[in-house]
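Listed below, chain by chain, are the residues.
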Amino acid sequence: ASFINMLPPLSDTFPDLIRSKFSSAVESGSLIFTPSSETDIPAADFTFRVRVAPSLSQKPVLRRDEDAGKPKFNPFLNPEADLFLCDLGDRYSLILNKFSIVPYHFLCITKQFEPQRAPLSEDDLSATWECLQANIQGGSRLLAFYNCGELSGASQEHKHIQFIPVPTDLKLLPDAAMAYGVPISKDAIGQFPTSHPDVPFAHFILPVPRNPSTEDLVMRFSSLLARTLTTLRERGQRNISFNFAMTKDWMFVAPRGQESYEGISVNATGMVGLLLAKSEEQLDFIKSTGPLEVTAKVGLPRITGDEQQHDY
Ligand code: B4P
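All values reported here derive from a predicted model rather than from experimental measurement.

Engineer: For this particular structure, what's the right way to read the sheet that holds strand β15 (residues 274-277)?
Structural biologist: Strand pairing within a sheet occurs via backbone hydrogen bonds; the two strands may be parallel or antiparallel. Here three strands make up an open sheet; going across it, the order is β2-β3-β15 and the pairing mixed. Since the sheet does not close on itself, it has two edges, and those belong to β2 (37-43) and β15, each with one partner. Sheet twist, expressed as the average angle between the axes of neighbouring strands with direction ignored, equals 25°. Strand direction decides the pairing type here: strand β3 (residues 46-52) and β15, joined by four bridges, are parallel. Directly across from arginine 49, in β15, lies its bridge partner leucine 274. The sheet strands contacting helix α7 (residues 280-289) are β2, β3 and β15, and the helix crosses β15 at an angle near 135°. Strand contacts of helix α8 (residues 291-298): β2, β3 and β15, with the helix running at about 80° to β3, the strand carrying the most contacts.

Engineer: Explain the site of the ligand here, please?
Structural biologist: Residues in contact with the ligand amount to 29 residues; listed here are only the nearest, Asn97, Ser155, Gln162, Leu274 and Lys278. Within the contact set of the ligand, a nitrogen atom lies 2.7 Å away from a backbone nitrogen or oxygen of leucine 274. Protein contact buries 93% of the 860 Å² of open area that the ligand shows by itself. Classifying every residue of the shell around the ligand gives 15 nonpolar, 10 polar and four charged.

Engineer: Honestly, the packing of aromatic side chains in this entry has me stumped. Any pointers?
Structural biologist: In this description, an aromatic ring pair is defined by two values, namely the gap between the centres and the angle between the planes. Within the structure shown, the criterion is met by seven aromatic pairs. Ring centres of phenylalanine 22 and phenylalanine 33 lie 6.0 Å apart, and the angle between their planes is 85°; this geometry places the pair in the edge-to-face category. Here phenylalanine 33 lies in strand β1 (residues 32-33) and phenylalanine 22 lies in helix α2 (residues 14-28), a separation of 11 residues in the sequence. Taking relative accessible area as the criterion, phenylalanine 22 reaches 9% and is therefore assigned buried. Seen in terms of ring centroids, phenylalanine 106 and phenylalanine 163 are 4.8 Å apart; in terms of plane orientation they differ by 10°. Their pairing is stacked. Here phenylalanine 106, found in strand β7 (residues 106-110), pairs with phenylalanine 163, found in strand β9 (residues 160-167); they are 57 residues apart in sequence, far enough to count as distant. The class of phenylalanine 106 is buried, set by a relative accessible area of 0%.

Engineer: When you look at the pattern of salt bridges in this model, what are you seeing that I'm missing?
Structural biologist: Oppositely charged side chains are able to pair whenever their charged atoms sit close together. Under the defined criterion, the tally for this structure stands at 12 salt bridges. Put simply, arginine 19 and aspartate 16 hold a salt bridge, and the shortest N to O gap is 2.8 Å. Separated by three residues within a single helix, arginine 19 and aspartate 16 lie in helix α2, roughly one turn from each other. Note that glutamate 80 is salt-bridged to lysine 98, the shortest N-O span being 3.0 Å.

Engineer: Explain the packing of α7 against α8 here, please?
Structural biologist: Each pair of packed helices can be described by the angle between their axes along with the distance between the axes. Relative to each other, α7 and α8 sit at 100°, their axes nearing to 6 Å. Relative to α8, α7 is oriented roughly perpendicular. Across from Phe285, Ile286 and Thr289 in α7, the residues of α8 making contact are Pro291, Glu293 and Val294. Here the contact of α7 with α8 is built from residues that sort into four nonpolar, one polar and one charged.

Engineer: Quick question: what am I supposed to make of unusual backbone geometry here?
Structural biologist: A negative phi angle characterises most non-glycine residues, just as the trans form characterises most peptide bonds. Backbone geometry places asparagine 211, a non-glycine residue, at a positive phi of 45°. Mapped onto the secondary structure, asparagine 211 falls in the loop between β10 (204-207) and α5 (214-234). A relative accessible area of 72% places asparagine 211 in the exposed class. Despite not being glycine, glutamate 262 has its phi angle at roughly 50°, a positive value. Of note, glutamate 262 is situated in the loop between β13 (260-261) and β14 (264-265). By relative accessible area, which is 58% here, glutamate 262 ends up exposed.

Engineer: What should I look at first to understand the nonpolar core in this one?
Structural biologist: One broad rule of soluble globular proteins: the nonpolar side chains tend to lie buried together. If you look at the biggest cluster of nonpolar residues, it comprises 45 residues, and the most contacted ones within it are Phe14, Leu94, Phe106, Phe163, Phe244, Met246 and Met251. Grouped together as the second largest cluster of nonpolar side chains are 37 residues, Phe46, Val199, Leu283 and Ile286 included.

Here is what the cut-offs are and how they apply
- Counting starts from 1 at the beginning of each chain's written sequence and moves along it residue by residue.
- With the structure being a predicted model, the display of local features is reserved for residues of pLDDT at least 70 and the display and counting of side-chain atom pairs for 80 or more, all residues being used for whole-chain, interface and lining totals.
- Side-chain metrics rest on all non-hydrogen atoms present in the structure, leaving aside hydrogens and water.
- Note on pairing: two strands pair once DSSP finds at least 2 bridges between them.
- Numbering of helices and strands runs from the N terminus; a helix is a DSSP stretch of H or I covering at least four residues, while a strand is a stretch of E covering at least two.
- Interaxial angles span 0 to 180 degrees and are taken between N-to-C directions of axes, which are lines fitted to C-alpha atoms, for helices over the stretch in contact.
- Here, two residues are considered to be in contact whenever any of their heavy atoms come within 4.5 Å of each other.
- Put simply, a residue is near a molecule or strand once any heavy atom of it comes within 4 Å of that molecule or strand.
- Identification of polar contacts relies on pairs of N or O atoms within 3.5 Å, with a donor-acceptor requirement for protein atoms, meaning one able to donate a hydrogen and the other able to accept it, and with residues adjacent in sequence counted only if both atoms are side-chain atoms.
- Residue-level accessible areas treat just the shown protein chains as cover; the underlying method is Shrake-Rupley with a 1.4 Å probe.
- Charged means Asp, Glu, Lys or Arg here, nonpolar means Ala, Val, Leu, Ile, Met, Phe, Trp, Tyr, Cys or Pro, and polar covers whatever is left, Gly included.
- Two rings from Phe, Tyr or Trp (for Trp, the six-membered ring) form a pair when their centres are within 6.5 Å of each other. A pair whose planes differ by under 30 degrees is stacked, one over 60 is edge-to-face, and the rest are tilted.
- Remark: exposure states derive from per-residue accessible area (1.4 Å probe, protein chains only) relative to the maximum for the residue type, with buried under 20%, exposed over 50%, and partly exposed in between.
- Think of a salt bridge as a Lys or Arg side-chain nitrogen and an Asp or Glu carboxyl oxygen that are within 4 Å of each other.
- Put simply, angles under 35 degrees are roughly parallel, angles over 145 are roughly antiparallel, angles from 65 to 115 are roughly perpendicular, and the rest are oblique.
- Buried Ala, Val, Leu, Ile, Met, Phe, Trp, Tyr and Cys residues form a nonpolar core when they are joined through side-chain atoms within 4.5 Å.

Structure representation (structure tokens):
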């Protein structure tokens, strides 16, 4: 039996739990909620929603080089009680993000230390799927994301998959890409990874079937990861960094070549169309340069002919 059968589903009361815990954690000061404004910038046939959160620049930044040698504080080993939501099976806990810019941002962390450099395992994908079922806020769906490797935008080395509510009607890059159709394959997945024709950076998308088995999730993630690793190798990028994002409808992976561009740090949310600017200057820069150009600088160029459909 696969792990997904053994993982208890999230309780029906999880949405109530997260809402009440969020309010009390903000109240007690354990959760630092940073207000932000939103600006939409059209690109190709979808929209980049840029959040501007100027007071976020006051957040303490982990400096890898300065802290070298010192044991680094790991916030996920003994998560704060005020932020703790519940356990998920034996191996995971769900906690609130301490530094949220969107309400109800939560994380699925491994109970024991596991490295964020590692790809998602079968159990990680099952846990992600369970979390995606939560209906936290009317009019929104959940976006799962995982920043893997040094250049992916990750700042914590303990394995954590993040979840944010996204307005149901906001079209993200993978939603727009899938509207072009997904090529049929004769393999077990039945479809080839697809990419948005007008997006310059390498990225790979597969639809997620309804009621997927763990195996369905693993096969899709492996297929996207294989394409990603090939792109990293062909581009001579030895540092294995990529972003993963997922909804109930699709999985998305994009290889990374740089952590930031002109001071704008980009994580998985940015690669699917939700950029974060820490000042008005950064917003102006994104507007004048173009969000696709900014994301292309931190991603990797597409490999020509990659869209070709071929059997493995
Ligand atoms: P990472 O994978 O390591 O990095 P990240 O999401 O890019 O966030 P980073 O920490 O670099 O923050 P940034 O200023 O860019 O994730 C670590 C996660 O753990 C973060 O969510 C962090 O807040 C959280 N965390 C750290 N210490 C914690 C603790 N003690 N307890 C619980 N959680 C803890 O971005 C600021 C925030 O905005 C981040 O949460 C980020 O995920 C989020 N964000 C970025 N872009 C966004 C967007 N477009 N929309 C909504 N939120 C966005």
